[in-house]
Every structure is written in C-alpha cells, then in structure tokens.
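# Survey of secondary and tertiary structure
Spelled out from the first residue to the last, the chains are:
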Amino acid sequence: MSWDLFSSAPGAPDPRRAGTVDGNEALAHAVAGAQADGVLEQPEPRADWTVSAVNAAARRLVEGFFPSLWIVGEVTNFTRARSGHCYFTLRDDVSQIRCVMWRDEARRLPTAPAEGMEVRALGRLTLYEARGEFQLVVSVLEGKGEGLWKLALERLKAKLDAEGLTAPGRKRALPRVPAVIGLVTSPSGAVLHDITTVVRRRAPWTRLVLCGCRVQGEGAAREIADAIRLFGRSGVADVLIVGRGGGSVEDLWAFNEEVVARAIAESPIPVISAVGHETDVTIADLVADLRAPTPSAAAEAAVPDGRALARELARLQGRMTAGLRARAEQGRREIAVRASLIARSAERLLARRRERMRAAGQRLHALSPLAALDRGFAIPTAPDGRILRRREDFTIGLRFGLRVRDGTVPVRVEEDSR
Amino acid sequence: MTEEQPTLERALERLDEIAMRLEGGELELADALALYEEGIRLLRVADSALGSAEEKIQQLTADGEGFRLRPVDAE
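First things first, this report covers the structure right here in the doc. Computed from a predicted model, the values in this text were never measured in an experiment.

### Considering unusual backbone geometry
Phi is positive for A:Asn77, which is not a glycine, with a value near 50°. For A:Asn77, the location among the structural elements is in strand E1 (residues 69-80).

### Overview of the interface of chain B and chain A
Taken residue by residue, the interface counts 42 residues in chain B and 41 residues in chain A. Here chain B and chain A share an interface that buries about 3,500 Å² over both sides, 65% of which is from carbon and sulfur atoms. One salt bridge connects A:Arg319 with B:Asp16, and the closest N-O pair in it is separated by 3.1 Å. For the pair chain B and chain A, the number of links is 12 residue pairs in polar contact (both at pLDDT 80 or more). Breaking the side of chain B that touches chain A down by element, the ones donating at least two residues are helix H1 (8-24), helix H2 (29-51), strand E1 (57-63) and strand E2 (66-72) of chain B. Take the side of chain B that touches chain A: its biggest share by element is 11 residues, from H2(B). A class-by-class count of the residues in the side of chain B that touches chain A yields 24 nonpolar, eight polar and 10 charged. As paired strands, strand E7 (residues 207-212) of chain A and E1(B) are joined by three bridges and run parallel to one another. Across the sheet, the residue bridging to A:Leu208 is B:Ile57, located in E1(B).

### Remarks on the environment of A:Arg201
Residues and elements named next belong to chain A. Counting through the fold element by element, Arg201 comes out in helix H5 (residues 190-202). Sequence separation of Arg201 and Glu300 is 99 residues, and the distance between their C-alpha atoms is 9.9 Å. A polar contact is formed between the side chain of Arg201 and the side chain of Glu300, at a distance of 3.0 Å.

Rules used in this analysis
- Residues numbered from 1 in each chain as written.
- Chains lettered and ligands numbered in written order.
- Predicted model: local features only at pLDDT ≥ 70, side-chain atom pairs only at ≥ 80, totals over all residues.
- Heavy atoms only, no water.
- Helix = DSSP H or I, 4+ residues; strand = E, 2+ residues; numbered from the N terminus.
- Contact = heavy atoms within 4.5 Å.
- Buried area = accessible area lost by both parts, 1.4 Å probe.
- Salt bridge = Lys/Arg side-chain N within 4 Å of Asp/Glu carboxyl O.
- Polar contact = N/O pair within 3.5 Å; in protein donor to acceptor, adjacent residues only side chain to side chain.
- Nonpolar A, V, L, I, M, F, W, Y, C, P; charged D, E, K, R; others polar.
- Pairing = 2+ DSSP bridges.

This is the structure we're talking about:
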C-alpha cells in the first residue's frame, strides 16, 4: 500500500501506524497497562455522577490514553460547514468513527475526499462532551496513493474545462519580438538566471522585468496570482513567463491551485508556463497560452534569435529594393511605350492633315475662274476691274479687256446688238 | 516601449507589409519611392534595436493601486 509521498501538514508528528498488527497490539497493551495501574478500577458504582462529570472523565480518559493515531478507512458523509470545519465518518466493514477536522487543518486539504475514498487520517481520539460522542479530531487527512491531490486536480481541471478556460482555441499567439518580458518566479532561484542567460544570448535587446514571489509553500499560489495580476494591471510586459524549477509534486502544488489558474486565464498579457517538470502537467500549464517544459525552454520560445532576425531584416531589405527596382523598370517601359504611342498618333494626325489640305486645294482649284479660262471661257472685264455680266453693260464705244487663259485682249464695242 | 520609436515587432510587421506592396507592383512610382524610404528608415531603427543590449533587470512592485519599476542587480 502506498501513501502520499508528502503530507499536507509539514512537521506533523510521525506516530506509530495503526492498522498493523503490531500497532493494534501496542495499543491493547497500553490500555491493559492503564488498568493494571488501577486507573480504571472502580469496584463499587459511585452514586450521583452528573452526565457532565461522566463525559468529562471519559474524555480525559480517552485523551489521556490514546496517542495520536494514523487510522485507515473509507470516508463517508464528508461535509464542510460554513465555519470551515469539516465533518465526516471513517469506516471499515464493521465499524465507523465520527471525525472532525478543524478549519485550520481542513484548509490544507487539496480538496474534499470523494465518498467512499480510501484514506488515512492522523488524529487524536476524544469525546465530544456535549453529545457524549466518541470522535477523532483529525489533523492530517491523506488519500491513498496521491488520491486527494489527483482528485483535487481532476476536479479543478473539470471545472476549468467546463468554463472553457483550457480550450486550445483560447490560447493566444505570443508576440514575435517582445520588447519586455515579465517574469513571475522566485527572485533567488536558478530560474531567473536560466531565463536571463537565454534571453541575453538570443535577444540581448529585450528588457526583463521581474515580479518576485515565492513559488512553493503556503501562500505561494496567492503571491503568484498577485504577481500575474500586477503585470496585467501595469501593462509593462508584452509576454509573461510564470514558473519555477523542478521539484516534487508538493513543491509544484502552487501551480495547481485555482487562484493561479484564474490569474493566468484572466491575464491580458499572453502567458508562458514554465514549471520545470516534464512529466506532470500542472493546471497552470493547461491554462497558459504556451507550456514550456523548463524555464530555459520558455525563454527560447519567448524571444526570437537575434541572428535569424538580422538575416530576416537583410531579406526584407532585398525584397524592398528588388520591388522598387522592378517598379522603376516598369516605369521606364511604360514611358517608352507611351512615347511610341504618342509618336505614332502624331504621325497619323499629320498624315490626316496633309490629306485634308490636298483635298482642299483640289476643291479650291475647281472653283477657281482660272480653270474656266483653261477650258476656253473668257471674262470681259471693265477697266475698273468690274466683270461685265449683262448686255446693258456693253454700251457702244466701251473699251474693256477680255481675259483669256494667257492674258487680256483689249476690245471695243462697235455696234449695238439690239 | 517609447512612443516615438516603433517597437521591433511593429517595425517588422510594417517592413513585411512594405516589402509585399513593393513586390506587388501596383503602386504609383512616387508612392513606391515613399514606401521604400519608410522601409529604409524602419530598417535602420530595427537594426539599431537589434544591436542594443539591456543589462539590467527591473523589478515590478505594487504601490497601492499603482505600481513601481526599479532596477535590480541582474545576477
């Protein structure tokens, strides 16, 4: 039978185990010894005991004789009162015992045990005087194996799943080149050193901002969540790395707590989880935008390699220059094409003009009187240049010129034709 | 994260866009030239950003409702 590798109550006493033959025998011996000492010997029934006195005496007896015991059994009827105290029953095949776990101890439970779950409880037997009830005051309750922790994880995971907080579609893209990386981790651990080393090597221009917090122990989860929220509120980082180095399941537990999961899910800044544990996936890993197996891997994922970036810049410059050159070349071609188009259309225009002028010349010639003279007509012209068109223009004795093709013939009217 | 200088991230995005538009060849020559000049300016910014080195780590602490950034020793 294996039990939790860690206990939820650090520094708890390590009492001898009950549930083994040796343990039970030792207990029986202790009780027998007490009887031998005469403590339990009351031969005559004494009169007039009050109920309170009996219960008080019984309680002293029970508390006085039983050491702290680890008791194994099944949990039933586990309830957590509003006060924070927890009440349940431990039972085996034939018997049961009422148990109470006070608030301070109950707070360390990762979750409430499931009905019928096999557990072991460390507690002191007592008697609740007001009711005369025999009960076990439990300080530590552990599931078989890592039962309670697993159960707590499963329950929280199911809850976050149901809210959609672990959905792959919810994961945001990380910035390609963050100017500032926010670190949520211990200021003293190796994690800070590892991340710094990787970032300085790959992307030395990147600024690092640390919000230091404890990453294990009680209250660590709250500190981690507060740090994530502070980054979100201040907006001073482009991406967050939340993590710690490796450790036991218990060491990593803060990263399995709901406050951390919610802070990551609500972070306006993308989050890389870096809980240095390759095999176990924490709740923080499930909710984060990217899960890195180690802090160094988280840093590698967060920043691009400077040399690759420089090569990319050179490529971009090449593309731009080639693009501009092609555009200029295209411009030259366009100009050449346009110039030849203009030249051709100018030629066409000139040819059209020439043709039109030739046609106009022909038309003018046809209208010219000179053409009529060519054909043998003559034009009588008075000395004042008037053309003589009618009979009455020709009076006896009138001298006029008769224009023929090659000159003017002087003529005089001799007789009246009337 | 100063206002007047684009971040490397923004510069790279814009450079990619500029390269793509220049390669597209649909631009007026004057626009192409203007884009090219903008690209060269961004390349210079990105190049000098790549060459710079941050040595110090800053510490973020809560300050009431606000926050404070102050330098801490790196290692």
